[in-house]
Amino acid sequence: MSITVGGAPPEHAYVNSSYLHAVQQAGGVPVLLPPQLSGASLSRLLRGLDGLVLTGGGDVDPALFGEAPHPKLYGVAPSRDTVETTSVRVALDRRLPILAICRGVQVLNVALGGTLYQDVGSDPGTSLRHSQDGPRDQPSHKIAIEPASRLAETLGADEIEVNSMHHQAVKQLGTGLRAVAWAPDQLVEGLELTDASRFVLGVQWHPEELVAESEPARRLFTALVSHARV
Ligand code: MN
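Report follows, based on the coordinates.

Focus on helix α1 (residues 17-25)
Here is step 1 of the chain: Every buried residue of α1 is accounted for by S18, Y19, A22 and V23. Taken down its axis, α1 places every buried residue within 130° of arc, on the same side.
Here is step 2 of the chain: Of the surrounding elements, those touching the buried residues of α1 are β1 (52-54), β2 (98-101) and α6 (215-229).
Here is step 3 of the chain: Just downstream of α1, G27 is the residue with a positive phi angle, here 95°.

Shown next, in the form of structure tokens:
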């Protein structure tokens, strides 16, 4: 006999395995930071890390940058926002390398005082499709990368084709960040710290889905791991 209990589905803590494969292929050992961690547990776990990957996911709570929620906002998880913004601050204080991916670049920007376009189709309004219809491991639009940037140096290119699975994007830059990559519609697709001595890169696309085919995608993870070793 089974008993069905109504109400909300159980909470989960998971990450797509493509991130875990990409980090391991680059020689790193991935460890998950569940959003349910208490402040004390998070501090202990962060002390053992050599680098930080901020992964994709739902939207950042717009209250963190002083805005009311847009009707198309989805997947807001305040506990995840807290764990990730705290992790950014600790990683920056400890000068750990950071690779921030998709939602991650948005978290990095907001943690440093920046703002987001809550839905790029409405604001700024773009005709370029950033929520691609094709498979996650297929590129769908170009980006141009500032040649004199750590991102371009890391990718080994100043123009690449990327996948695109986001409905939000960086608007005003957070303190100490500069935009270094753009889609053809001028939306920001890459960020880094203005302090060129630091390895802190944010990308709006999903390199973890492209590592099988794309040398620039592999280079992001190998660079992260080599900076984590120092
Ligand atoms: Mn895009």
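A few points about the packing of helix α3 (residues 78-93) against helix α4 (residues 103-111)
Here is step 1 of the chain: For the pair α3 and α4, the least separation of the axes is 9 Å and the interaxial angle reads 70°. Overall, the two elements α3 and α4 adopt an arrangement that is roughly perpendicular. As α3 runs across α4, the sense of the crossing is right-handed. Contact with α3, carried on its side by R80, D81, E84, T85, V88 and R89, involves R103, V107, L108 and A111 of α4 and no other residues of that element.

What about the sheet that holds strand β5 (residues 159-162)?
Here is step 1 of the chain: Across the sheet, seven strands lie side by side as β1-β2-β9-β8-β7-β4-β5; this open sheet has mixed pairing. Looking at strand neighbours, the two that pair on one side only are β1 and β5, the edges of this open sheet. If you compare each strand with its neighbour and ignore which way they point, the axes differ by 25° on average.
Here is step 2 of the chain: Relative to strand β8 (residues 188-193), strand β7 (residues 177-182) runs antiparallel, the two being bridged by five bridges. Looking at β8, one finds that L177 is bridged to L193.

The rules behind each value
- Residues numbered from 1 in each chain as written.
- Predicted model: local features only at pLDDT ≥ 70, side-chain atom pairs only at ≥ 80, totals over all residues.
- Heavy atoms only, no water.
- Buried < 20%, exposed > 50% of the residue type's maximum accessible area, 1.4 Å probe, protein only.
- Helix = DSSP H or I, 4+ residues; strand = E, 2+ residues; numbered from the N terminus.
- Arc of directions from axis to C-beta.
- Contact = heavy atoms within 4.5 Å.
- Axes fitted to C-alpha atoms, helices over the stretch in contact; angles between N-to-C directions.
- Parallel < 35°, antiparallel > 145°, perpendicular 65-115°, else oblique.
- Left-handed = near helix turned anticlockwise from the far one by under 90°.
- Pairing = 2+ DSSP bridges.

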